[in-house]
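# Analysis of the macromolecular model
If you want the building blocks of each chain, they are given just below.
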Amino acid sequence: MINVTLPDGTVLEVPPDSSIGDVAAAIGPGLAKAAVAGQIDGETVDLGTKLSGDAAVRILTERDDDALAVLRHSAAHVLATAVRELRPGAGIGFGPAIDDGFYYDFDVPEPFTPADLEIFEAKMADVAKANHPFERRVVSLEEARALFADDPLKLERLEEFSEDEVITVYQDGPFLDLCRGPHVPSTGSLKHFKLLSGAGAYWRGDEKRQMLQRIYGTAFFKKSQLTEHLERLEEAKKRDHRVLGRELDLFSTDPRIGPGLILWHPKGAIIRNEVERFEQELILRHGYDLVYTPHVMNERIFEISGHLENFKDGMFGALDVEGVAYRPKPMNCPGHIAIYQSQQRSYRDLPIRMAEFGTCYRYERSGVLHGMLRVRGFTQDDAHIFCTPDQVPGEIERLLDLVDEILTAFGYPYAISLATKPEEKALGTDEQWDTAVQTLADTLESRGVEFEYDKGGGAFYGPKLDFKLIDAIGREWQGPTVQLDFNLPDRFDLEYVGEDNERHRPVMIHRVLVGSMERFVGGLIEHYAGAFPIWLAPEQVRVLPISEHFLDSASDFVDQLKAVGIRAVLADRETLSYRIRDAEMHKVPYMAVIGEREAEAGTVAVRKRGAGKKQEVIDRAEFVQQVQGEIESRTLD
RNA sequence: GCUCCGAUAGCUCAGUGGUAGAGCGCCUCCUUGGUAAGGAGGAGGUCCCGGGUUCAAGUCCCGGUCGGAGCUCCA
């Protein structure tokens, strides 16, 4: 008999040669029916996999995320099955499950059209209905070569197997694929799926190789989940910052100015300015000094910093100034270092925290540019902390506070990862890395902050903390980063005079909070769907007189609001209904309606964005005070 | 950069070889309104640029420019 340990710790005895499916059945008929796949000692396997000895076993059902990945991988096979039925000559590449679904790459002479996708989707439904079992087979390399003799992409993959590796193939009905698995028991498990888009993708992600045609799709166990997912995609589309940016008149780009270069319109500039002012106030409280450095610098400084060596492809080309080469800066560090080095520094001066909203320019390939989120010119909320090694933990603590304060203000939950030494290129000794990583980990732990390790994810010059933001519809965004740097202090030969009157090397910490103003504001547009909290809203109150008779009264009220710094606008066009609709469409936080009653009583009828007809008639002074309070406290909602 | 798709009024888009269209926005006039579009009239186009095919090109072909999707998540 074999002893099987279940997740709850109970041990089950099953006959030798039992499969995972048998284990599920032994636990209960309900589970046997619900089982999709299983895990043996943490590794996901088919239900049909037989146990070779005592093991920890978990049965995966529709409720497990790991099971969803299995379903989606199987969905990719069903897609390939359908495509092969309809296009027998199609070459097959890879077809994995991905975060939100799956894809499969095909080698076909002509790209697929949206109409093709519909036909494939219908065919997939037939394949699912046929309920072909997914059959796993272990084959020899020779056998595999024979099976895939007509599939050059698969043959190429087979070349990479080593002697002792197990090669498996999966068959579902007419379709055979080289595949590690695991899969759901049969194609019938696939009930709720949708093909989403087609696009070119290089074979093996290598732009020197041929382009395959990729089909993306998604699949779920429950119809409601699929519907919800599709609705979320719709919602994301509605929030697209490029669309809202135009509708709300926040920003634009102009081909005459150049792709990837953002023009901030007055309303967008208000949002950016509010973010900057807020952050500036915050960092001054946290002991930072503000500095400014040039946008263009003699490229010699980038030789010293190593940017020309390591980052040249990401830099704008050189400008010739009286025979000397200058470059737009891709990063702010060299300028800040030059300020540090403008005088001799003592340990008594440290830590020095230098901050700048520094505008940088980077060359990005035209195909990757995207609205405000991926651009060629952007302003970083950059800072460099120069400190002694002993001061590092304290500085990290301070940064954790700062990060928390700023992200909370915008209503972003976040997750932290600690990126360690990269496998390949890395400066500094293992010991240096270990201490640095340990310092970061200890600091996080001492505060009880949860984090994950991102093994090998550090920059070549030091470990880093990455903060991932979660937006209002659950998407992840790159947030603050904090990086320890072993490289630049050496390259620039940074020094401070210690208590012992000797020269020492300071530690340098790079950090950004929002990252780039462009990307961050672009993200805010999507996070808030254009309905900004009042402190950020370009227009905070719209005053609507009911008719021309109350224009004076309304206009006085606008002045009253403006006098205390509230961004107020008078709406004097068309009918009241039109004005309300217009204010609502422009997502103005408050509408202040003034008719005969309000003009006489010195009140306003306040209508809140999104609240419909619910309104409150209050004293004008009281309203002003309330709005002021909400702005000052940076109320979210 | 590469593959595919696209480019027509300020915006969103229809028009597929034969007289350039709609909705919204904009302008003017009427209406003076009580909570998500009051009514009427009007202006506005080098159909992205260059070349080609054709009696005839917004429409078909070639080249360019710009924009979009994708190109990382390893059978």
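Position numbers for residues start from 1 in each chain and track the written sequence from start to end. The order in which chains are written sets their letters, starting at A; the order in which ligands are written sets their numbers, starting at 1. pLDDT decides what is reported in this predicted model: residues at 70 or higher carry local features, side-chain atom pairs at 80 or more are listed and counted, and totals for whole chains, interfaces and linings draw on all residues regardless. With hydrogens and water excluded, all non-hydrogen atoms of the structure serve as input to the side-chain values.

## A closer look at the sheet that holds strand S18 (residues 319-321)
Pairing between two strands is assigned when DSSP locates at least 2 bridges connecting them. For helices the rule is a DSSP run of H or I covering at least 4 residues; for strands it is a run of E covering at least 2, with both sets numbered from the N terminus onward. Strand order in the open sheet made by the three strands is S17-S19-S18, with antiparallel pairing throughout. Each edge of the sheet is formed by a strand with only one pairing partner; in this case those strands are strand S17 (296-298) and S18. Ignoring strand direction, the axes of neighbouring strands in this sheet form an average angle of 40°. Whenever a helix is involved, its axis is fitted only over the stretch in contact; in every case the axis is a line through C-alpha atoms, and angles between N-to-C directions fall within 0 to 180 degrees.

## Considering the sheet that holds strand S21 (residues 377-387)
Strand order across the open sheet formed by eight strands is S16-S20-S21-S28-S25-S24-S22-S23, with mixed pairing between neighbours. The open sheet has two edge strands, strand S16 (289-290) and strand S23 (452-454), and neither has a second partner. The sheet contact formed by S16 and strand S20 (residues 352-361) spans two bridges and is parallel. For Asp289, the partnering residue across the bridge sits in S20 and is Met354. It only takes one pair of heavy atoms within 4.5 Å for two residues to be counted as in contact. Strands in contact with helix H14 (residues 430-446) are strand S22 (414-419), S23, strand S24 (464-470) and strand S25 (476-485); relative to S22, the strand with the most contacts, it is inclined by about 155°.

## Quick look at the confidence of the model for chain A
On average, residues of chain A score 90 in pLDDT, and 100% of them reach the 70 mark or higher. Element-level mean pLDDT values for chain A span from 81 in helix H2 (residues 29-34) up to 97 in helix H20 (residues 620-632). In the predicted complex, the global pTM is 0.89; the interface-specific ipTM is 0.89. The predictor reports its confidence for every residue as pLDDT, a score running from 0 up to 100.

## Overview of the layout of surface pockets
Empty space among the atoms becomes visible once a probe the size of a water molecule is rolled across them. Roughly 1000 Å³ of internal volume is contained in the largest pocket. A 1.4 Å probe that fits into a set of points on a 1 Å grid over the protein atoms alone but cannot get out defines a cavity; an open set with protein on both sides within 12 Å along at least five of seven lines defines a pocket, and lining residues are those with an atom within 4 Å of a point. Taken together, 41 residues form the lining of the largest pocket, with Phe311, Met331, Arg362, Gln380 and Gln483 sitting closest to its centre. Residue assignment for the lining of the largest pocket shows that the elements contributing at least two residues are helix H11 (307-310), S21, S24, S25, strand S28 (507-516) and helix H16 (517-527). Looking at which element gives the most residues to the lining of the largest pocket, the answer is S28, with six residues. Polar here means any residue other than Ala, Val, Leu, Ile, Met, Phe, Trp, Tyr, Cys and Pro, which are nonpolar, and Asp, Glu, Lys and Arg, which are charged; Gly is therefore polar. Partitioning the lining of the largest pocket into residue classes produces 15 nonpolar, 15 polar and eleven charged. Grid points are joined across faces, edges and corners, and a volume is the space filled by probe spheres set on the points. Of the voids in this model, the second largest pocket is the one considered here, and its volume is about 860 Å³.

## Thoughts on the environment of Arg327
Among the secondary structure elements, Arg327 is positioned in strand S19 (residues 324-328). When the C-alpha atoms of Arg327 and Val296 are compared, they prove to be 5.4 Å apart, with 31 residues separating the residues in sequence. Ignoring sequence-local partners within four residues, the contact set of Arg327 consists of His295, Val296, Met297, Glu299, Phe302, Leu308, Lys312, Met315, Phe316, Gly317 and Ala318.

## A look at empty space enclosed by the protein
Per the counting criterion, the structure on display carries three cavities of 30 Å³ or more. Here the largest cavity defines a volume of roughly 130 Å³. Lining the largest cavity are 13 residues, and of these Leu248, Lys267, Pro538, Glu539 and His586 sit closest to its centre. Partitioning the lining of the largest cavity into residue classes produces seven nonpolar, two polar and four charged. Taken as a whole, the second largest cavity encloses approximately 50 Å³ of empty space. Lining the second largest cavity we find Tyr412, Leu469, Trp477, Gln478, Val514, Arg519, Phe520, Gly523 and Leu524. Taken together, the elements giving at least two residues each to the lining of the second largest cavity come down to S25 and H16. Counting residues per element, the lining of the second largest cavity draws most heavily on H16, which supplies four residues. Here the lining of the second largest cavity is built from residues that sort into six nonpolar, two polar and one charged.

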